Amino acid sequence: MKRTGKLTGIFLLLVIFITSVAFIRNGDLFFQIKKQITIFNDVFREVATQYVDEVEPQELVNKGINAMLESLDPYTVFINEGEQQQLEILSSGSYGGIGLEAGYRGDEVVIIAPMDGYPADRAGLRSGDVIVEINGLSVQGMTPEEIQQLTIGDIGTEITIVIKRRGIIERISYTLIRERIEVKNINFSEIVGDRDQYAFIHLSRFGQQASEEVRRALIDLNDAHAHDLEGLILDLRNNPGGLLNEAVELVDLFIEPGVTVVETRGRHDSHNSAMMTTEVALFENLPIVLLINEGSASASEVVAGAFQDLDRAVIVGENSFGKGLVQTIRPLSYNTSLKMTISRYYIPSGRSIQSVDYTLNDPENRQTIPDSLRRAFRTKNGRVVLDGRGIEPDIIHTGMESTLIDLALQRSNQYLFFVNDILLETDSDNRTVNHRMPDRLFQRFATYLIEQNFSFETPVDRHLNEIEMNIDNFSGENAAKENLDELKALLRDYKISQIYENQALIERNLQTEWITQTLDESERNRALIAIDGLVIKAAEILSDDYTYQSILRP
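Below is a summary of the structure that appears in this document.

Conventions we followed
- Residues numbered from 1 in each chain as written.
- Predicted model: local features only at pLDDT ≥ 70, side-chain atom pairs only at ≥ 80, totals over all residues.
- Heavy atoms only, no water.
- Helix = DSSP H or I, 4+ residues; strand = E, 2+ residues; numbered from the N terminus.
- Contact = heavy atoms within 4.5 Å.
- Areas by Shrake-Rupley, 256 points an atom, 1.4 Å probe, with all protein chains shown as cover.
- Buried < 20%, exposed > 50% of the residue type's maximum accessible area, 1.4 Å probe, protein only.
- Pairing = 2+ DSSP bridges.
- Polar contact = N/O pair within 3.5 Å; in protein donor to acceptor, adjacent residues only side chain to side chain.
- Axes fitted to C-alpha atoms, helices over the stretch in contact; angles between N-to-C directions.
- Parallel < 35°, antiparallel > 145°, perpendicular 65-115°, else oblique.
- Nonpolar A, V, L, I, M, F, W, Y, C, P; charged D, E, K, R; others polar.
- 1 Å grid on protein atoms, 1.4 Å probe; cavity = no way out; pocket = protein on both sides within 12 Å on 5 of 7 lines; lining within 4 Å.
- Points joined across faces, edges and corners; volume = space filled by probe spheres on them.

A short note on the overall build of the protein
Phase 1 of the analysis: Summing up its helical and strand segments, the protein has 17 helices and 21 strands in all.
Phase 2 of the analysis: Sequence separation of 24 or more characterises 68% of the internal contacts of the protein that already satisfy a separation of 6 or more.
Phase 3 of the analysis: A total accessible area of about 29,600 Å² is found for the protein, and carbon and sulfur atoms account for 52% of it.

Rendered as structure tokens:
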């Protein structure tokens, strides 16, 4: 009895000690907060009232707040009173813009995902393009949220965006017209396969009811055909994410109950959670191939990562974006708010999907997580997977890379004008009549470009222009001019040869433009899927059960 009482006393003393330590630590933290705020207030008051030049108090405070937040991570941002309205417009699901999502890649702001069918997508902007200028304003030092604000405006107004693209030296300028952006969850769903045996669903975002829409689409596609579905191709390419609970509920459709899909871990217990499957899986045995690219971010990566870690789907495509930080919006005084990172995502194997470590370097020199800091984890079936680079696909499959001539053709709308001219020759109402694509379309297009004296700028052009501007400084000016003319002729021949060397890429884009101009939305989507290399690859994997199982069960 005495021993029990003694133990109870020791336990109480321990509890009191721990509570006291926590109280002291919290007290010290609150004292430091009060102290630093007092110092900041003193500095702000003195500068605002005594500085040699008059300063704008709001601008001064905003700079101080933004400088403080920049030392943390790019997703923790202050939303001032003027931006609050834009935030509400975005959350309503309808706004005037060009249809793109921006995010960080290292210390540069890039396009995460152009939204299908909207101006940015139609113009040829793509995931990974580095944003340089918007309407003549340099975006250097801006956050993705600030850049997003610049793209939003009245419907019908013009916006010019300048980007850099990997592998292309020249900066590329696009002039677009803002449209009403109606954000949809499912962009398109259809039956595909040589025997109509697979469902294809392109999920463009994780908004409200996204998981329910996927469930309903699968049921409808299954009911509309005489035989049961034999597999699902779930397309999360260029899906920038959205609501985490919708991502978890989507996984819940395919995984048995009681399985952890994602954990969030933060500084406080209130920010820690484990989200699990809870319902009986309606499609537990349906084979899945999931498509991702570098525009797949956040909630998309949670779904792809959970499917990969649980060996539930074969992941095909490119590395995902790598956004593993969780934000919440905290309301502040005077109709302002703070979007703040409060935790990190961890998928079932225990790995993080975050690709940039914001604690490694100062804000001016952030970088992707180096190989030396990447850790190995294992999936449910024992496959080795690494953290720190988003989700790496089981099968890497990329499309054809753009070239200088293809970029020039897209920027000058040559595909659009050429196809439009061909259609006008055959039918005055060409957009409402389905036309079979004519034979030898590429040859006609090449002839069209040559007759139009189509050209595009190369690095050689700039060097030749510099020489021409300074040619008067050469001795033997006439001979130099003759040599320059010969070089220009050779460059012209080179540019013509590029038309034929890029025949496969140009033919694909001509085919895409023909489909876009001659078919309605549902037929257009079906036709584009039929020529989509990743969808074709996904169908091949599903059709070969040995290959499918050997990937998931090595």
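The discussion continues.
Side note on the pairing of strand 10 (residues 186-192)
Regular strands have side chains that alternate between both faces of the sheet.
Phase 1 of the analysis: Where burial is concerned, most of strand 10 is hidden: 6 out of the 7 residues are buried.
Phase 2 of the analysis: As defined by bridge partners, strand 10 adjoins strand 11 (residues 198-203) across 6 bridges and the pair is classed as antiparallel. For I186, the partnering residue across the bridge sits in strand 11 and is L203.
Phase 3 of the analysis: A loop of 5 residues connects strand 10 with strand 11, the two strands running antiparallel in sequence, and G193 in this loop sits at a positive phi of about 110°.

Quick word on the side chain of T264
Phase 1 of the analysis: Structurally, T264 can be placed in strand 13 (residues 260-266).
Phase 2 of the analysis: The buried category is assigned to T264, whose relative accessible area is 7%.
Phase 3 of the analysis: Separated by 3.1 Å, the side chain of T264 and the backbone oxygen of H271 make a polar contact.
Phase 4 of the analysis: Within the local environment of T264, its side chain forms a polar contact with the side chain of S273, the two groups lying 2.8 Å apart.

Considerations on the packing of helix 11 (residues 441-451) against helix 14 (residues 503-518)
Phase 1 of the analysis: For the pair helix 11 and helix 14, interaxial distance at closest approach is 10 Å and the crossing angle is 100°. For the element pair helix 11 / helix 14, the angle class is roughly perpendicular. Counted together, L441, F442, Q443 and F445 of helix 11 and Q503, I506, E507, L510 and W514 of helix 14 form the full contact between these two elements.
Phase 2 of the analysis: Of the residues belonging to the contact of helix 11 with helix 14, the class tally is 6 nonpolar, 2 polar and 1 charged.

Examining empty space enclosed by the protein
Phase 1 of the analysis: Counted according to the given criterion, the structure contains 1 cavity of 30 Å³ or more.
Phase 2 of the analysis: Forming the walls of the largest cavity are I405, L449, I450, F454, S455, F456, R492, K495, I496 and I499.
Phase 3 of the analysis: Looking at the lining of the largest cavity, the elements that each hand over two or more residues are helix 11 and helix 13 (477-501).
Phase 4 of the analysis: With 4 residues, the single largest contributor to the lining of the largest cavity is helix 13.
Phase 5 of the analysis: In terms of residue class, the lining of the largest cavity is built from 7 nonpolar, 1 polar and 2 charged.

Considering the pairing of strand 18 (residues 337-346)
Phase 1 of the analysis: Across the 10 residues of strand 18, 7 count as buried, placing the element largely inside the fold.
Phase 2 of the analysis: Two strands pair when backbone bridges link them, and strand 1 (residues 77-79) and strand 18 are joined in this way by 3 bridges, in the antiparallel orientation. By the bridge assignment, V77 is partnered in strand 18 with K339.
Phase 3 of the analysis: Sheet topology note: the strand 13/strand 18 ladder contains 4 bridges and is antiparallel. If you follow T264 over to strand 18, its bridge partner there is Y345.
Phase 4 of the analysis: Across 7 bridges, strand 17 (residues 325-331) lies against strand 18 in antiparallel orientation. Within strand 18, the position partnered with T328 by the bridge is M340.

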